[in-house]
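Residue-level structure breakdown
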Amino acid sequence: MSRWRKTRKGQFAAVGILFAGVVTGHGARAAAACSPASLGGIVGQDARIRGIGDWGARNLDMPKGGAEIRNVDGATFCVVTGDMALGTHESGRANFAGLLPQRWNGKILQVGCGGNCGTVFLGAAPLGWVARGYAIWATDDGHVAKPSPSPRLWSVSESSWARTADGEPDHAKQAAFFFGAVHQLAERARQWTAAYYGSRPAFAYFSGCSDGGREALVEAERYPDDFDGILAGDPYFDIEGEAISALAGVLAQMRAPDAALTDEQWHLADKVILDRCDTVDGVKDGLIQNPAQCDFSAVRDLPRCAGRADGQCFTTAQAQALDSALSAMTDGSGRPVYPGFPASGLAQGGPMVDNMRYWLGFSTVPGGWHDPASQPQAWYYGNQTMRYLGGVDDPGLRFAAAGGGLHAVVTDEMLARLHRAVGAGDGTDESALDAFFRSGHRLILYHGLSDGDITPYRTLNFYRGLARRLGGYETLRQHAVLFAVPGMAHCGGGPGPSVFGQSGLAARAEDPRTDILASLDDWVRKSRPPLRLDAAHEDETRPRPVTDRTMPLCPFPQMARYMGQGDVKDARNWRCEAQDRRMLMTGTAGRAAGYDP
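The following paragraphs examine the structure supplied in this document. Given the structure is predicted, the values throughout are model-derived calculations rather than measurements.

This part takes up empty space enclosed by the protein. Throughout the structure, instances matching the rule amount to six cavities of 30 Å³ or more. The wall of the largest cavity is formed by S245, A248, G249, S324, A325, S327, M329, Y338, P339, G340, F341 and A408. Going through the elements one at a time, α7 (239-251) and α10 (316-325) are the ones with two or more residues in the lining of the largest cavity. A per-element tally of the lining of the largest cavity places α7 first, with three residues. Class assignment of the residues belonging to the lining of the largest cavity gives a composition of seven nonpolar, five polar and no charged.

Next up, the structure:
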């Protein structure tokens, strides 16, 4: 259970008595408490209950006036929105939202953002977690994102908010994004929730993916007692590395008129990789469990065109462009500074699945890359982040050829400059987790091994570093567990088992064997670390998603092992083995990507 400072206890005593017993078990009292006036008394003078301009949830209307009772699928809850002061600076405010169920389970769950934030909910509110009784809180990290220049480009990549009108860094807004807003809400959410329900929360959790994964690790490192347990998915926790990687993946396709890959070629490359690497894990099942072990090189193994490129072959420039994306970026001396992407699931899944095709692919090829209707997601994100957060218009990237392949090169000076600009928002300091671990808090990380947006090798390398620091994986797993999810794209989707309760959108059984939040809760409350998590793949081509495969996720560096008989798409025919270390094995693809245990 998290520790409360004396100031928090004093604040709780001041407001908790006033609102004690208002909500629990009494629908009429809940409705009375869920009003702008009542909630305004709870949040205090430095916060305001009001409508906000970046609600973001398409599955739930924003409350009128800042507070309303709602009933969705049998769950009754109070929806509250407002803003809070983050300091004395005039721009230091952040919007927030809360979803407070009538049948509260005594726990807080704060949820993270995405991209460079600027929205409270990223597309949808986690109503499944509300139905389970969690008091949900979220923030926009202290700014409202402007619309992107094209509907197909993410508005959360937009980052002009990070600069003042005269082009100088807006330090207050940047600090709010990097760490301040999430922490401020974490502290206040405890007080507000306690006052609303009349009893102090028993446990507080945080769950986020992408930028939410970054927020999760920053919280654990900077404010180790804010949360009892944390879920950190596909973390965007190396801002400078991710921004340079995004630009490099697009620039490699702009080096020559025939370098950009078409949609058809992304799919062809995916097929070539799967044909070569499917059986590396011992079973042919359409899934690559350890992409690092693949014996694949784009410049060596992709079919070449004798003449003009078509959907069945690649030019040399195209093969090199893909090779660059799959290879580690280095400094001028050849030292790897940021890993490449995995050779897995480059294009499988629907049109909105965030794989490499979606992230790096052009909407129109080969011309018009500067047109918002054509530019890749990575290009828009990379330029916005580099220019407004990093203060750099040209990172000075170049490309080096070796053995027929290609990789991006960035100078140490540029890396240092970018780190000075954005390092306060990074969550890459392994030693900074010591206090979180000493306090007995729990961390579960997960990352899709077909993530085409943020390379999973950055997370795997981080976890390997933690294991070295703590003296091995057995010791580390007493504090932190990592699930490397085969075939999962960025935060979900893809050909692999990518559904394990991480989104909180749909109501589902609260079973620690199949639900990652239930697994974290079980670990925190009962000291039972997760030894296996059964995940599902859903066929999303049907009107309603249908589960067509289940498979266990094993704690890294274990890898699920097929038991030799039965349906390979049934989790009951797979097992996790405690002494297994096969995820540490690497081959041509892993070494090129900078993952070489």
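Still to come is the rest of the account.
The residue after F556, namely P557, is reached through a cis peptide bond having omega 10°. Along the chain, P557 turns up in the loop between β16 (546-553) and β17 (561-562). Located in the positive-phi region is D73, a residue other than glycine, with phi close to 50°. Note that D73 resides in the loop between β2 (67-72) and β3 (75-85). With phi around 65°, C117 is a residue other than glycine that occupies positive phi space. Following the sequence through the fold, C117 ends up in the loop between β5 (107-111) and α4 (127-131).

Before going further, it helps to examine the layout of surface pockets. Size it by volume and the second largest pocket reaches roughly 420 Å³. If you list the elements that add at least two residues to the lining of the second largest pocket, you get α7, β10 (336-338), α13 (412-422) and α15 (456-470). Element by element, the count of residues in the lining of the second largest pocket is highest for α15, at six residues.

Attention now moves to the pattern of salt bridges. Side chains bearing opposite charge may pair, as long as their charged atoms lie close to each other. Evaluated as defined, the whole model comprises 32 salt bridges. With a closest N to O distance of 2.8 Å, D521 and K107 form a salt bridge. With D521 in helix α17 (residues 516-526) and K107 in strand β5, the pair connects residues that are 414 residues apart, well separated along the chain. Residue class for K107 comes out buried when judged on its relative accessible area of 9%. A salt bridge links D434 to R469, with the shortest nitrogen-to-oxygen separation between them at 2.5 Å. Here D434, found in helix α14 (residues 434-438), pairs with R469, found in helix α15; they are 35 residues apart in sequence, far enough to count as distant. The exposure class of R469 is partly exposed, given its relative accessible area of 43%. Overlapping salt bridges bring together R48, R50, D83 and R93 as one network.

In this section: the packing of aromatic side chains. Applying the stated rule across the entire model yields 23 aromatic pairs. Taking the centre distance of 6.3 Å and the plane angle of 50° together, the rings of F96 and W137 count as tilted. Of this pair, F96 sits in strand β4 (residues 93-101) while W137 sits in strand β6 (residues 135-139); the two residues are 41 residues apart in sequence, bridging distant segments of the chain. When sorted by exposure, F96 lands in the same class as W137, which is buried. In this structure, R214 is placed above the aromatic ring of F177, and the distance from its NZ or CZ to the ring centre is 4.5 Å. Over the ring of F237 we find R458, and its NZ or CZ is 5.2 Å from the ring centre.

A few words now on the state of the cysteines. Under the counting rule described, the total for this entry stands at five disulfides. In this model C113 forms its disulfide with C117; the gap between the sulfur atoms is 2.1 Å. Across the S-S bond linking C113 and C117, the dihedral sits near 95°, which makes this disulfide right-handed. Across this residue pair, the class does not change: C113 and C117 are buried. Counting only the cysteines that take part in disulfides, in the order they occur along the protein, gives the pairing 1-2, 3-4, 5-8, 6-7, 9-10.

With respect to the secondary-structure elements, H537 resides in strand β15 (residues 533-539). Given the relative accessible area of 16%, H537 is considered buried. With 90 residues separating them along the chain, H537 and H447 place their C-alpha atoms 15 Å apart. Here the side chain of H537 touches G494 through a polar contact of 3.1 Å, landing on its backbone oxygen.

In the contact formed by helix α3 (residues 36-43) and helix α5 (residues 171-197), the axes pass within 9 Å of each other and the chain directions differ by 130°. Considering the angle they form, α3 stands oblique to α5. Viewed along their axes, α3 and α5 form a crossing whose handedness is right-handed. Counted together, L39, I42 and V43 of α3 and W192, A195 and Y196 of α5 form the full contact between these two elements. The residue makeup of the contact of α3 with α5, split by class, is six nonpolar, no polar and no charged.

The rules behind the values
Residues numbered from 1 in each chain as written. Predicted model: local features only at pLDDT ≥ 70, side-chain atom pairs only at ≥ 80, totals over all residues. Heavy atoms only, no water. 1 Å grid on protein atoms, 1.4 Å probe; cavity = no way out; pocket = protein on both sides within 12 Å on 5 of 7 lines; lining within 4 Å. Points joined across faces, edges and corners; volume = space filled by probe spheres on them. Helix = DSSP H or I, 4+ residues; strand = E, 2+ residues; numbered from the N terminus. Nonpolar A, V, L, I, M, F, W, Y, C, P; charged D, E, K, R; others polar. Salt bridge = Lys/Arg side-chain N within 4 Å of Asp/Glu carboxyl O. Buried < 20%, exposed > 50% of the residue type's maximum accessible area, 1.4 Å probe, protein only. Phe/Tyr/Trp six-rings, centres within 6.5 Å; stacked < 30°, edge-to-face > 60°. Lys NZ or Arg CZ within 6 Å of the ring centre and 35° of its normal. Disulfide = S-S within 2.5 Å. Polar contact = N/O pair within 3.5 Å; in protein donor to acceptor, adjacent residues only side chain to side chain. Axes fitted to C-alpha atoms, helices over the stretch in contact; angles between N-to-C directions. Parallel < 35°, antiparallel > 145°, perpendicular 65-115°, else oblique. Left-handed = near helix turned anticlockwise from the far one by under 90°. Contact = heavy atoms within 4.5 Å.

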